[in-house]
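# Close look at the chain arrangement
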Number of protein chains: 2
Amino acid sequence: MAAQELTGYQAGIDVGGTKTMFCITGANGDILLLERRSTAAHGSPGLFFDWLFVELKHLLQGISLTLKQLEGIGIGFPGVIGDTEGQLSQAPALPWPVADIRPDIRRYYEGRLYLDNDVNLALLGECWKGAAAGKKHVLMVTVGTGIGSAMLLNGRLYKGANNAAGEAGYMVVDVGLARSRGSASGADFGPLEAVASGSGITALARARFADPAALPASRILTLAGGKPEEIETRHVLQAAAEGDYAALEIMDKPLEHLAAGIASAVVLLNPQLVVLGGGVAASGDYYMNEIRNRVNAYLPYPVDLEAAKLGNTAGAVGAVAAAANILW
Amino acid sequence: MAAQELTGYQAGIDVGGTKTMFCITGANGDILLLERRSTAAHGSPGLFFDWLFVELKHLLQGISLTLKQLEGIGIGFPGVIGDTEGQLSQAPALPWPVADIRPDIRRYYEGRLYLDNDVNLALLGECWKGAAAGKKHVLMVTVGTGIGSAMLLNGRLYKGANNAAGEAGYMVVDVGLARSRGSASGADFGPLEAVASGSGITALARARFADPAALPASRILTLAGGKPEEIETRHVLQAAAEGDYAALEIMDKPLEHLAAGIASAVVLLNPQLVVLGGGVAASGDYYMNEIRNRVNAYLPYPVDLEAAKLGNTAGAVGAVAAAANILW
């Protein structure tokens, strides 16, 4: 590992649609501060970064630091970011139009700056201080509302020709189903995430309980307060972990589809490790064990598959690693 | 392009199960010689390389060169090769046991040596002088008896943690079908290539004509001399290109499965270009157009898809590029 390469204070910030995580580290890479704030809903990047830097300065002040003392700042966004330009696009979770955000950041900070997609930075976080520490070939798949992925190949983030690599949610693991959906270009979700994400699991479960005349006996409904329309992914996962038959039945397809997608990515990329992140993957042993077994059933050779360790701090921690240009 | 980096004569050799291709280039990267020989069926690497270097010396002699004048030799094999060790494994097309082949080569040649998998070198060939000239992010998929792939990412071959990257034949694009086959570890073919390779197409066609009482009227059977058991992939491809209904029907599944696999690889890797190589892809416009349309129907954004240009010389040409350490 290369924490020695950190020579000063660094800030890593993970901007989410509802919450923003701040991480500040010292010269040896130790985490001095890790704090979460509600993301300001300002409709322009200018106002947003006014807010962000007020928060950052305030947090720095609390540990007797100033912005000028920061050697680097890394910031992750839920969108696609051009490598060098700082052009943020495809960020529906943020209330701004597509924008070049670099000038708005430069009004406040002149030091080393690294901007990237949040999943890429979460992977860097896991590679620095989490489940993938010390690995050089890592595939991270995040399963939450949608499905995303990021890749560390030969020790570097791989982003593709147009920074669009890792769109695992658009993988095709069921040709018949994907074909019947028609073109992917107009769809909210890709064919894999339509089934295997949290949104997919919730939709499958609600459909299963949609007919009041034929409600199956299931822990799911109890956990959802008896209201089918209030079933959430976590209810299905908990009921499945407890062995509830309807829940196990509902989970079969999402698990099998995700396992097929991960297996396809593994035979292409031959990673040392697959890290599973996001809210669904964090639900516990039931989910991880199912995915691990089903992925390996598809593979000609076994692969290690671990749950992410840093939870919702991975992006901010990874943003520090990126700002400090830590190499693996 | 970087042909300027070639400073001397180079040899590239592509060892196949039945044929071996030799390529010799001059200081400016021009191809001085390109010759194919039947591969000697010697059962040990020692005897095999005795034969290989006799052939090479003979070919060099014909253009007034000697082994000592070669600045580098690149050799591709149909198998998995350890990066530095020269340990050749998983090469069922060759009649040797698993072996460390480097000492046998060093008996004849002390200069710069590069050993790699044949698909990796075919990709390098296409990137140097073929369909992908000048590109930095390229996915190559070869469709022949089986299905293989290779990746140029950020201008370098990507090989994975254990030199096993690119096993596209093991991708899962039809969960139901793949699951019903059981574990992949014992199978001859991966789930994608079992359907979409030349072997898959032949098997589907022969099955379609297996019942003599229910033979469909089709060009396929005419092209195969009226004998269902002699149907080959090329008969199906030619009949389909001519609009034969039974052939189009047979091709639907192999085309759709390969397109789904390529689409999955594209959303993960975001390449600038996909190059399709191997005998099946070389069959003409019908096949390429079908694949191009079906891949793009699955993608959220379009991708360029081109047929390989160098045919069966790509591996030997790429072996030169590798030997000369040409960078993109």
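Residues numbered from 1 in each chain as written. Chains lettered and ligands numbered in written order. Predicted model: local features only at pLDDT ≥ 70, side-chain atom pairs only at ≥ 80, totals over all residues. Heavy atoms only, no water.

When you go through chain A residue by residue, the secondary structure sums to 11 helices and 13 strands. For a compact globule of 328 residues, the expected C-alpha radius of gyration is about 20 Å, and chain A comes in at 21 Å, within 12% of that figure. In terms of principal-axis extent, the alpha carbons of chain A reach across some 65 × 45 × 35 Å. Counting the 328 residues in chain A, one finds 57% classified as buried. Of the contacts formed within chain A by residues at least 6 apart in sequence, a portion of 61% connects residues at least 24 apart. Accessible surface, chain A as shown: approximately 12700 Å² in total, 51% of it carbon and sulfur. If the 25 positive side-chain charges of chain A are averaged to one point and the 32 negative ones to another, these points end up 3 Å apart. (Helix = DSSP H or I, 4+ residues; strand = E, 2+ residues; numbered from the N terminus. Rg over C-alpha atoms; globule rule 2.2 N^0.38 Å. Buried < 20%, exposed > 50% of the residue type's maximum accessible area, 1.4 Å probe, protein only. Contact = heavy atoms within 4.5 Å. Areas by Shrake-Rupley, 256 points an atom, 1.4 Å probe, with all protein chains shown as cover. Lys, Arg positive; Asp, Glu negative; His and termini not counted. Charge placed at Lys NZ, Arg CZ, Asp CG, Glu CD.)

Let us now look at the packing of aromatic side chains. Both the distance between ring centres and the angle between the ring planes are used here to describe each pair of aromatic rings. Applying the stated criterion across every chain, the model contains 8 aromatic pairs over all chains. Relative to B:Tyr108, the ring of B:Phe53 has its centre 4.9 Å away and its plane inclined at 10°; by these criteria the two rings are stacked. Of this pair, B:Phe53 sits in helix α1 (residues 45-62) while B:Tyr108 sits in the loop between α2 (102-106) and β8 (112-117), and the two are 55 residues apart along the sequence. Take B:Phe53: its relative accessible area is 0%, and that puts it in the buried class. With relative accessibility at 25%, the residue B:Tyr108 sits in the partly exposed group. An aromatic cluster of at least three residues, connected via ring pairs, comprises A:Phe48, A:Phe49, A:Trp51 and A:Phe77. (Phe/Tyr/Trp six-rings, centres within 6.5 Å; stacked < 30°, edge-to-face > 60°.)

All names here are of chain A. For helix α3 (residues 118-129), spanning 12 residues, the distance from its first C-alpha to its last is 16 Å, which sits close to the expected 16 Å at 1.5 Å a residue. For α3, the buried fraction is high: 10 of the 12 residues fall into the buried class. Of the positions making up α3, those classed as buried are Val119, Asn120, Leu121, Ala122, Leu123, Leu124, Gly125, Glu126, Cys127 and Trp128. At the N-terminal end of α3, a side-chain oxygen is found 2.9 Å from the backbone nitrogen of Val119, two or three residues along, and the residue is Asn117. (Expected span 1.5 Å × (residues − 1). Polar contact = N/O pair within 3.5 Å; in protein donor to acceptor, adjacent residues only side chain to side chain.)

We now examine the sheet that holds strand β3 (residues 31-38) of chain A. Residue and element names in this part refer to chain A. Read from one edge of the open sheet, 5 strands run β3-β2-β1-β4-β8, paired in mixed fashion. Pairing within the sheet leaves two strands with one partner each, and these edge strands are β3 and β8 (112-117). Ignoring strand direction, the axes of neighbouring strands in this sheet form an average angle of 15°. In terms of strand pairing, strand β1 (residues 9-15) meets strand β4 (residues 70-77) through 6 bridges, oriented parallel. Looking at β4, one finds that Ala11 is bridged to Ile73. Strands β1, β2 (19-25), β3 and β4 of the sheet are contacted by helix α1 (residues 45-62), whose axis makes an angle of about 40° with β2. (Pairing = 2+ DSSP bridges. Axes fitted to C-alpha atoms, helices over the stretch in contact; angles between N-to-C directions.)

Moving on to the side chain of A:Glu256. Relative to the assigned elements, A:Glu256 resides in helix α9 (residues 245-269). Among the polar contacts made by the side chain of A:Glu256, one reaches the side chain of A:Arg294 at a distance of 2.6 Å. In this structure A:Glu256 touches A:Arg294, A:Tyr298, B:Val175 and B:Arg179, once residues within four positions along its chain are discounted.

The next thing to look at is the domain arrangement of chain A. By convention, interface size is frequently given as the accessible area that disappears when the constituent parts associate. Residue and element names in this part refer to chain A. When cut into domains, chain A gives domain 1 (3-130 + 312-323) and domain 2 (138-308). A straight line from the C-alpha centre of domain 1 to that of domain 2 covers 28 Å. Domain 1 puts 13 residues into the contact, and the matching count from domain 2 is 13 residues. Taken over both partners, the interface formed by domain 1 and domain 2 buries close to 1100 Å², and the fraction arising from carbon and sulfur atoms is 67%. Linking domain 1 to domain 2 there are 1 salt bridge. A salt bridge links Lys159 to Asp116, with the nearest nitrogen and oxygen atoms 2.8 Å apart. Counting across the interface, domain 1 meets domain 2 through 3 residue pairs in polar contact (both at pLDDT 80 or more). Mapped onto the side of domain 1 that touches domain 2, the elements with two or more residues apiece are β5 (80-81), β8 and α3. (Domains from an automatic or database assignment. Buried area = accessible area lost by both parts, 1.4 Å probe. Salt bridge = Lys/Arg side-chain N within 4 Å of Asp/Glu carboxyl O.)

To continue, consider the sheet that holds strand β9 (residues 138-143) of chain B. All names here are of chain B. The 5 strands lie next to each other as β11-β10-β9-β12-β13, forming an open sheet whose pairing is mixed. Edge positions in the sheet fall to β11 (156-158) and β13 (304-307), since each of these pairs with one other strand and no more. On average, adjacent strands in this sheet sit at an angle of 25° to one another, irrespective of strand direction. Of the strand pairs in this sheet, β9 and strand β10 (residues 147-153) are connected by 6 bridges, and their pairing is antiparallel. Within β10, the position partnered with Val141 by the bridge is Ser149. Together, β9, β10, β12 (273-277) and β13 form the strand contacts of helix α9 (residues 245-269), whose direction differs from that of β9 by roughly 160°.

Residue and element names in this part refer to chain A. Applying the stated rule across the entire model yields 0 disulfides over all chains. Free of any disulfide, Cys23 has its nearest cysteine sulfur in Cys127, 16 Å distant. Given the relative accessible area of 1%, Cys23 is considered buried. What makes Cys127 buried here is its relative accessible area of 0%. (Disulfide = S-S within 2.5 Å.)

On to the relation of the copies chain A and chain B, then. Put simply, the second copy of the chain is the first one after a rotation about an axis and a shift along it. In screw terms, the move from chain A to chain B is a rotation of 180° and a rise of 0.0 Å along the axis, fitting with an RMSD of 0.0 Å. Overall, the copies show the geometry of a two-fold rotation axis. Of the residues that chain A buries at the interface, 100% are likewise interface residues in chain B, meaning the two copies contact each other through the same surface. (Least-squares fit on C-alpha atoms with pLDDT ≥ 70 in both.)

Right, let's talk about the interface of chain A and chain B for a bit. With 46 residues of chain A at the interface, the matching set in chain B holds 46 residues. Interface area, chain A with chain B, both sides summed: about 3600 Å², of which 60% is carbon and sulfur. Our count for the chain A to chain B interface comes out at 4 salt bridges. Among the elements of the structure, β10 (147-153), α4 (175-181), α9 and α10 (285-298) of chain A are those that each provide at least two residues to the side of chain A that touches chain B. At 9 residues, the largest contribution of residues to the side of chain A that touches chain B is made by α9(A). In terms of residue class, the side of chain A that touches chain B is made up of 25 nonpolar, 14 polar and 7 charged. (Nonpolar A, V, L, I, M, F, W, Y, C, P; charged D, E, K, R; others polar.)

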